[in-house]
Amino acid sequence: MAKPFLIVGGGIGGFGCALALARKDFSSIVLEQAPEFGEIGAGLQLGPNVFRMFDKLGVTGEIDKYAVYPKGLMMRDCVTGEEVTTLPLNEAFLKRFKNPYGVIHRVDLHRVLMEECQKLPDQIQLMNGRKVVDIDDHGDHVAARTEAGETFEGCALIGADGLWSGVRAKIVGDGKPNVSGHITYRAVLKTSDMPEELRWQMMVIWAGEKTHLVQYPVRGGEMFNLVATFHSSKFSEGWDSFGDPAELNERFAAACAPVRLLLSKIESWRMWVLCDRPPIRDWTKGNITLLGDAAHPMLQYLAQGANMALEDGVCLAGKLTKARGDWNAAFLAYQKERYLRTARVQLTAKLYGEVYHASGATRDLRNAVLGERTPEQAFESMAWLYDPPEIGE
Ligand SMILES: Cc1cc2nc3c(=O)[nH]c(=O)nc-3n(C[C@H](O)[C@H](O)[C@H](O)COP(=O)(O)OP(=O)(O)OC[C@H]3O[C@@H](n4cnc5c(N)ncnc54)[C@H](O)[C@@H]3O)c2cc1C
C-alpha cells in the first residue's frame with residue numbers, strides 16, 4: 001500500500017492541505033505538536049480568492065454558517081476620525097469577483113476544517129501531541145521523528161509548521177524570521193460592550209501615524225474583533241522589552257476619541273511581535289516542501305496569510321495528481337506556481353503597512369488618492385489578488 005504524505009503542523013494550512021489531498025484521493029498523517037488541536041481566539045478576514053478554495057475543499061456550506069459578510073472595507077483617519085474611503089462589498093463586488101468578502105473567528109474556521117478532515121478517517125489521520133524534532137528524506141520514503149521518540153514514515157513530507165518552521169530550518173536553513181519592529185495587540189469584545197455608535201457591519205481600519213486599529217464583527221455579530229498595531233522602539237532594543245497595554249495607550253495618544261474609547265474597552269490584550277521573511281524562490285528539497293507561513297510568512301496587512309496557506313494546499317494537491325509518483329517534480333511545479341503570487345502578497349503586505357502608518361505628505365496623499373477612487377477602480381486594483389487564474393487544476 002502507498003505510504004501517506006506526512007504533514008507537519010495542524011494549523012489552518014496543515015488541515016487545508018490534508019483536506020485538499022484527500023479530495024484528490026491522497027492520504028496523509030497530520031502531526032501537530034500541541035496537546036490539543038486549536039486556534040487562538042481572534043478574527044480572520046477571508047478574501048473572495050479563498051472562497052474558491054472553500055468550494056474545492058467542499059466546506060463552503062459550513063463556512064457560511066460561521067462567516068460574517070461585512071458591508072464594506074472602510075478606512076478612516078485615526079487622528080481626525082474622518083472616513084478616507086469605503087470599498088462597498090455589494091452586488092457589484094460579488095459580480096466582479098463571483099465570491100464574497102467575509103470575516104470569521106479563527107476557531108470556527110479551524111474547527112470546520114478539522115471536522116471535515118475527521119469525516120475522512122481512511123484518508124486523514126490527525127495526530128496531536130506529536131512535536132516533530134527531526135525529519136529525513138531517504139529517497140524512496142521520508143521519516144519524521146517526534147520528541148517522544150515515535151517515527152512516522154511517509155512517501156513525502158509537507159512542512160506546514162508556521163513562522164518558526166523547523167522543517168524550513170532543515171531544508172532551507174535561512175535563520176530566524178525578521179522582527180518587523182511592529183507589535184500587534186488582539187482582543188475580542190462582546191457586541192454589547194462595544195460603543196453603539198461604532199457597531200458598524202464593516203471591516204474598519206483606523207489608519208494613524210505608526211499605528212492602526214482594525215475592527216470587525218465576528219461570530220454572527222455577537223463579538224467584535226479588535227487588532228491594534230504600532231511600531232515599538234522599545235521592542236527593537238531587545239526581546240525582553242516588548243510593550244504592554246500602557247505602551248499601547250501611549251502609542252495611540254494622538255488617536256481620535258472613538259479609537260481611544262475602543263481601546264479603553266479591552267481589559268486584557270494578547271500580544272504578537274510581528275515577523276516576516278523576504279520571499280524565496282525555492283522551498284523544496286527532494287521529497288520535502290513547505291506550505292503557508294513556513295514557506296512565505298508575511299505581515300498581516302493584506303489579511304491574506306491563511307488565505308494563501310489554503311491556496312497552497314489546493315495548488316499542491318492539483319500538482320500531485322499529475323506527478324505519477326514523482327513527488328519532487330510535483331513539489332517543484334507547485335512552488336513554481338506559488339512563488340510569484342505569494343511573493344507579491346508578502347511584498348504588498350509590507351507596503352500596505354507603510355500606507356496605513358503614514359504621516360505628513362504621505363498620509364495626505366493616501367487620503368486624497370484613496371478618497372478619489374471609484375469602487376470600480378478599487379475593485380480592479382485588487383483583481384490580481386481576488387481574481388487569480390485557476391488554482392489546483
Ligand atoms: C495579527 C494577525 C492578523 C492576521 N490576520 C489575517 C487575516 O485576516 N487573514 C489571513 O488570511 N491571515 C491573517 N493572518 C495570518 C495567518 O494567521 C497565518 O498566515 C496563518 O495562520 C498561517 O497558517 P499556517 O497553518 O501556515 O501556520 P500556523 O497557523 O502557525 O500553524 C502551524 C502549526 O504547526 C504546529 N507546529 C509547529 N512546529 C511544529 C512541530 N515541530 N511539530 C508539530 N507541529 C508543529 C503549530 O503548533 C501550529 O499548529 C494574520 C496574522 C496575524 C499575526
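The rules we used
- Every residue gets a number counted from 1 within its own chain, in the order that chain's sequence is written.
- Two thresholds apply to this predicted model, a pLDDT of at least 70 for residue-level local features and 80 or more for giving and counting side-chain atom pairs, whereas whole-chain, interface and lining totals are computed over all residues.
- The side-chain quantities take in all heavy atoms of the structure and omit both hydrogens and water.
- Burial here depends on accessible area, computed with a 1.4 Å probe over protein chains only, as a share of the maximum for the residue type. Under 20% is buried, over 50% is exposed, and the range in between is partly exposed.
- Strands here are runs of E lasting at least two residues and helices are runs of H or I lasting at least four, both read from the DSSP assignment and numbered beginning at the N terminus.
- Whether two strands pair comes down to DSSP finding at least two bridges between them.
- Lines are fitted to the C-alpha atoms to define the axes, a helix being fitted only along its stretch in contact, and any angle between axes, read from their N-to-C directions, falls within 0 to 180 degrees.
- We call two directions roughly parallel when the angle between them is under 35 degrees, roughly antiparallel when it is over 145, roughly perpendicular when it lies between 65 and 115, and oblique otherwise.
- Crossings are assigned a handedness: left-handed for a near helix turned anticlockwise from the far helix by less than a right angle, right-handed for a clockwise turn.
- Contact definition: two residues touch when any of their heavy atoms are within 4.5 Å.
- Neighbouring residues are identified by heavy atoms, a residue being near a molecule or strand if any of them is within 4 Å of it.
- Polar contact criterion, stated in full: a pair of N or O atoms within 3.5 Å, where within protein one must be able to donate a hydrogen and the other to accept it, and residues adjacent in sequence count only if both atoms are side-chain atoms.
- Areas reported as accessible are Shrake-Rupley estimates using a 1.4 Å probe. Residue values count occlusion only from the protein chains shown.
- In the scheme used here, Gly and all other residues not listed as nonpolar or charged are polar, with Ala, Val, Leu, Ile, Met, Phe, Trp, Tyr, Cys and Pro taken as nonpolar and Asp, Glu, Lys and Arg as charged.
- The predictor attaches a confidence to each residue, and that confidence, scored 0 to 100, is pLDDT.
- For this analysis, a ring pair means two rings from Phe, Tyr or Trp (six-membered ring only for Trp) whose centres lie within 6.5 Å, classed as stacked if their planes differ by under 30 degrees, edge-to-face if by over 60, and tilted for the remaining angles.
- Charge-over-ring placement is defined geometrically: NZ (Lys) or CZ (Arg) within 6 Å of the ring centre, and within 35 degrees of the ring normal.

Examining the pairing of strand β6 (residues 102–105)
Consecutive residues of a regular strand have side chains that alternate between opposite faces of the sheet.
1) Next: Both faces of β6 are covered, namely the face carrying G102 and I104 and the face carrying V103 and H105.
2) Next: When strand β3 (residues 43–46) meets β6, the two strands line up antiparallel, connected through 4 bridges. The partner of L44 across the bridge, within β6, is I104.

Considering the packing of helix α1 (residues 12–23) against helix α10 (residues 305–321)
1) Next: The geometry of α1 relative to α10 is characterised by a closest axis approach of 8 Å and an angle of 25 degrees between their N-to-C directions. Overall, the two elements α1 and α10 adopt an arrangement that is roughly parallel. Remark: the crossing between α1 and α10 carries right-handed chirality. Mapping the contact onto sequence places I12, G13, G16, C17, A20 and L21 in α1 and A306, A309, L310, G313, V314, L316, A317 and L320 in α10.

Considerations on the site of the ligand
1) Next: Near the ligand lie 28 residues; those nearest to it are E32, Q45, R106, D293 and N307.
2) Next: Residue V132 places a main-chain N or O atom 3.0 Å away from a nitrogen atom belonging to the ligand.
3) Next: At 2.8 Å from an oxygen atom of the ligand is found a side-chain nitrogen or oxygen belonging to D293.
4) Next: For the ligand, whose accessible area on its own is 1000 Å², the fraction buried by protein is 85%.
5) Next: Elements supplying a minimum of two residues to the shell around the ligand: α1, β3, β12 (178–190) and α10.
6) Next: Sort the elements by how many residues they give to the shell around the ligand and α10 lands first, with 3 residues.
7) Next: Split by residue class, the shell around the ligand holds 9 nonpolar, 12 polar and 7 charged.

Let's talk about the sheet that holds strand β10 (residues 151–154)
1) Next: Spatial strand order, β8-β9-β10: 3 strands in an open sheet with antiparallel pairing. The sheet terminates laterally at β8 (132–137) and β10, the two strands that pair on one side only. For this sheet, the mean angle separating the axes of adjacent strands, direction not counted, is 20 degrees.
2) Next: The pairing of strand β9 (residues 142–146) with β10 spans 4 bridges and is classified as antiparallel. Paired with R145 across the strands is T151, a residue of β10.

Some remarks on the environment of T342
1) Next: Here T342 shows up in helix α11 (residues 327–356).
2) Next: Distance in space between the C-alpha atoms of T342 and D312 is 9.2 Å, their sequence separation being 30 residues.
3) Next: When neighbours within four sequence positions are excluded, T342 is seen to be in contact with W283, H296, M308 and D312.

Regarding the confidence of the model for the chain
1) Next: Taken over all residues, the pLDDT of the chain has a mean of 94, while the share at 70 or more is 97%.
2) Next: Within the model, the stretch residues 237–243 combines pLDDT values under 50 with 10 contacts to residues more than four positions away or in other chains.

Here we look at the sheet that holds β12
1) Next: Reading across from one edge, β5-β4-β13-β14-β15-β12-β16 is the order of the 7 strands in this open sheet, with mixed pairing throughout. On the outer flanks of this sheet lie β5 (83–88) and β16 (270–276), each paired with one strand and no other. This sheet shows a mean twist of 20 degrees between the axes of neighbouring strands, independent of strand direction.
2) Next: Here 5 bridges tie strand β4 (residues 72–77) to strand β13 (residues 203–208), and the two strands are oriented parallel to one another. Its bridge partner being in β13, R76 is matched across the sheet by W206.
3) Next: In the packing of helix α9 (residues 257–264) onto the sheet, the strands contacted are β13, β14 (211–218) and β15 (223–231), and the crossing angle to β14 comes to about 65 degrees.
4) Next: Lying on the sheet, α11 is in contact with β4, β13, β14 and β16; it crosses β13 at an angle near 65 degrees.

With respect to the packing of aromatic side chains
1) Next: Inspection of every chain in the model, using the stated rule, returns 18 aromatic pairs.
2) Next: Taking 6.2 Å as the distance between ring centres and 75 degrees as the angle between the ring planes, the aromatic pair formed by Y185 and W269 counts as edge-to-face. Within this pair, whereas Y185 is found in strand β12, its partner W269 is found in the loop between α9 and β16, the two being separated by 84 residues in sequence.
3) Next: Using a relative accessible area of 12% as the deciding quantity, one classes W269 as buried.
4) Next: Cluster of aromatic residues (ring-pair linked, three or more members): F93, F97, Y101, F379 and Y386.
5) Next: Across the ring face of Y66, the terminal group of R111 is positioned such that the distance to the ring centre comes to 5.0 Å.
6) Next: The side chain of R186 reaches across the aromatic face of W272, ending 4.3 Å from its centre.

Focus on the packing of helix α2 (residues 48–57) against α10
1) Next: Packing of α2 against α10 brings their axes to within 9 Å, and their N-to-C directions diverge by 40 degrees. What the angle tells us is that α2 and α10 run oblique. The chirality of how α2 crosses α10 is left-handed. Residues N49, V50, M53, F54, K56 and L57 of α2 form the contact with α10, whose participating residues are N307, M308, L310, E311 and V314.

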